[in-house]
Amino acid sequence: MDFLRKYLDKIKPNFEEGGKFSKLRSTFDAFETFLFVPNKVTNRGAHVRDSIDLKRTMSIVVISLIPALLFGIWNVGFQHFRAIGETVGFWEMSWFGFLKVFPIIVVSYVSGLGVEFIFAQIRKHEVNEGFLVSGMLIPMIMPVDVPLWMVAVATIFAVIIGKEVFGGTGMNIFNPALLARAFIFFAYPSKMSGDFVWISGLSDTSTKVVDGFSGATPLALAAQNQFEKIPSLMEMFIGTIPGSIGETSKLAILIGAAILIITGIASLRIMLSAIVGAVLMILTFNLVGANQYMMVSPLQQLMMGGFLFGVVFMATDPVSSTQTATGKIIYGFLIGVMSMLIRVVNPAYPEGMMLAILLLNSFAPLIDYYVVQANVNRRLKRTAK
Amino acid sequence: MANKYTSLLTKPINLENPITVQVLGICSSLAVTVQMKPALVMGVSVMIVTAFSNAIISSLRNTIPNRIRIIVQLVVVAALVIIVDQILKAYVYDVSKQLSVFVGLIITNCILMGRLEAFAMSNKPWPSFIDGIGNGLGYTLILAIISFTRELLGSGTIWGYKVIPPVFYQLGYENNGLMILPPMALIIIGIIIWIQRSRNKQLIEN
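Not measured: the values here are computed from a predicted model.

Caption draft 1: Expanded view of the interface of chain B and chain A. Across the contact, eight residues belong to chain B and eight residues belong to chain A. In the side of chain B that touches chain A, the residues fall into four nonpolar, three polar and one charged.

Caption draft 2: Structural detail: helix 15 (residues 353-384) of chain A. Residues and elements named next belong to chain A. The terminal C-alpha atoms of helix 15 lie 44 Å apart, and with 32 residues this matches the ideal 46 Å at 1.5 Å per residue to within 8%. The largest bend in helix 15 is about 45°, located at Phe363, with the proline Pro365 one to four residues further on. Listed in full, the buried residues belonging to helix 15 are Met353, Met354, Ala356, Ile357, Leu358, Leu360, Asn361, Ala364, Ile367 and Val371. For helix 15, the secondary structure elements touched by its buried residues are helix 7 (176-187), helix 13 (307-314) and helix 14 (325-345).

Caption draft 3: Spatial organisation of the domain arrangement of chain A. All names here are of chain A. Looking at chain A, the domain boundaries give domain 1 (21-39 + 53-205 + 237-265) and domain 2 (266-380). For domain 1 and domain 2, the distance between their C-alpha centres works out to 23 Å. With 24 residues of domain 1 at the interface, the matching set in domain 2 holds 18 residues. When contributions to the side of domain 1 that touches domain 2 are tallied by element, the ones reaching two or more residues are helix 7 and helix 10 (250-262). The greatest single-element share of the side of domain 1 that touches domain 2, amounting to six residues, is contributed by helix 10. Grouping the amino acids of the side of domain 1 that touches domain 2 by side-chain chemistry returns 15 nonpolar, six polar and three charged.

Caption draft 4: How the structure looks around the nonpolar core. In this structure, A:Phe183, A:Ile184, A:Val312 and A:Ile357 are the most contacted members of the largest nonpolar core, which totals 145 residues. With twelve residues, the single largest contributor to this core is helix 3 (residues 36-60) of chain B. No fewer than three residues from each of domain 1 (21-39 + 53-205 + 237-265) and domain 2 (266-380) of chain A sit in this core. Residue contacts for A:Val312: discarding those within four places in its chain leaves A:Ile253, A:Gly256, A:Ala257, A:Leu260, A:Ala266 and A:Met271.

Caption draft 5: Spotlight on the environment of B:Gly177. Inspection of the secondary structure puts B:Gly177 in the loop between helix 9 (166-170) and helix 10 (182-199). For the pair B:Gly177 and B:Phe148, spaced 29 residues apart in sequence, the C-alpha separation works out to 15 Å.

The rules behind the values
- Residues numbered from 1 in each chain as written.
- Chains lettered and ligands numbered in written order.
- Predicted model: local features only at pLDDT ≥ 70, side-chain atom pairs only at ≥ 80, totals over all residues.
- Contact = placed C-beta atoms within 7 Å.
- Nonpolar A, V, L, I, M, F, W, Y, C, P; charged D, E, K, R; others polar.
- Helix = DSSP H or I, 4+ residues; strand = E, 2+ residues; numbered from the N terminus.
- Expected span 1.5 Å × (residues − 1).
- Bend = angle between axes of the 7 residues up to and from the residue.
- Buried ≥ 20, exposed ≤ 12 C-beta atoms within 10 Å, placed from the backbone.
- Domains from an automatic or database assignment.
- Core = buried A, V, L, I, M, F, W, Y, C linked by C-beta atoms within 7 Å.

Shown next as structure tokens:
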């Protein structure tokens, strides 16, 4: 590490004001603070300085995503070889999946960070590390066969329109990763929905598929009223089902959730209240029971689709979610309710999680405002007596 | 004097643009800009209606009782809109069908009422006429930019002609379905406002 530090100190003057590469100052700064905790010293007043900063926070989120990602990579291979009816070993499946998933990750990071760096240079800001997580989330919520240029276009759109126009990291109203997915969902629906996009190679008509094999996700099966074909709870929990790359394994997502909760980075309130909201909504549907979809049990509903992934990694985004404690409960609860409502009642959108979170993102400031106002009013009443 | 008229004509195109600066007429600019042809027809219709209603109201301005001025303005505008609508139906029937209700809705277009109230009621007919033309041009320009982008990226055509070579589609290019939906028009307007304000710093509000 000493060697790295010395090297950075040596080239640093080049990037400072008047140096050879002063235009690339924020780029250098980004790499330096990524490698080392900045040795900032507080000048005035007493402060408690924790070693955890934005970069460290983001790194932990990325670490918590890794189980789901690794499983997703293996699952891409597993689903592909199951669809064409071949049996191959663990490593071959993983390698196949790696070759499919890795380019998407690279494209997402390169295009997103490219935009971030350009904006940082133009606006003379520091490069913010918010994209470290978004760049990892974007590939994980994409279907595996998504064309790479679409990922690039969607990422650029999401970073510019979702983040930079509002002032960069920390100012965005919407979760950039979900915005990228929503962009592809509405702009190129044929690549983001249907039965053929979730398993690699299935959309290619020349691929020989095993007789009777369907690439439909559990949610699509439910929307088509084919409830008998839905995989068992165990399969959906472990994650050997078709779906977006990172969302299938509920086990891996729960490991990630545990990391986030233990390190105190994601809000347990939001996660729990979202699950409570969803379960209450499903129980209401069960009571109504107007059609077969409404009769699906809560456990099965929670295991299907991207609900859990959205709750753990998307809804808890510290920027676009609510900030107050009461607000978090309301926000999470409404996400749970809305996602199940869209899922069951609106046949056009098999998965409601993305739209539910984006909708509640836009309501988050309003919820916070009323929570704060309620508190102000309560305290005013107390003093008025 | 000539100089004054020129500025009446050119100011609404950039610094006092009805859509991006005065923020009037957003509704129709989202609704009719999927393709260029209807968008431009719409722009020209609005320009004609604005110009003539401005001129007519301006020449009547001293005789209109203040309390019923909105009704009088609406009568004049409605008459002009019906004339334009009939002409469109007679000569460009398919475009008129595409525009459907939006030609009729020119009556409620904020640009018209805005210009009548802000300009025609306090100026002479000829400057009012020029002001109407200028605002119509500004409106048409923004409509042209939005519809060009939306038609090119959303349908791969311009003015109904295919411009994106079939090779692109074979290579995996696809039309962007989001461009067909109104939200994208709003985002494009936002981007236009962004570019315009970064070029003209005096437009930035504090």
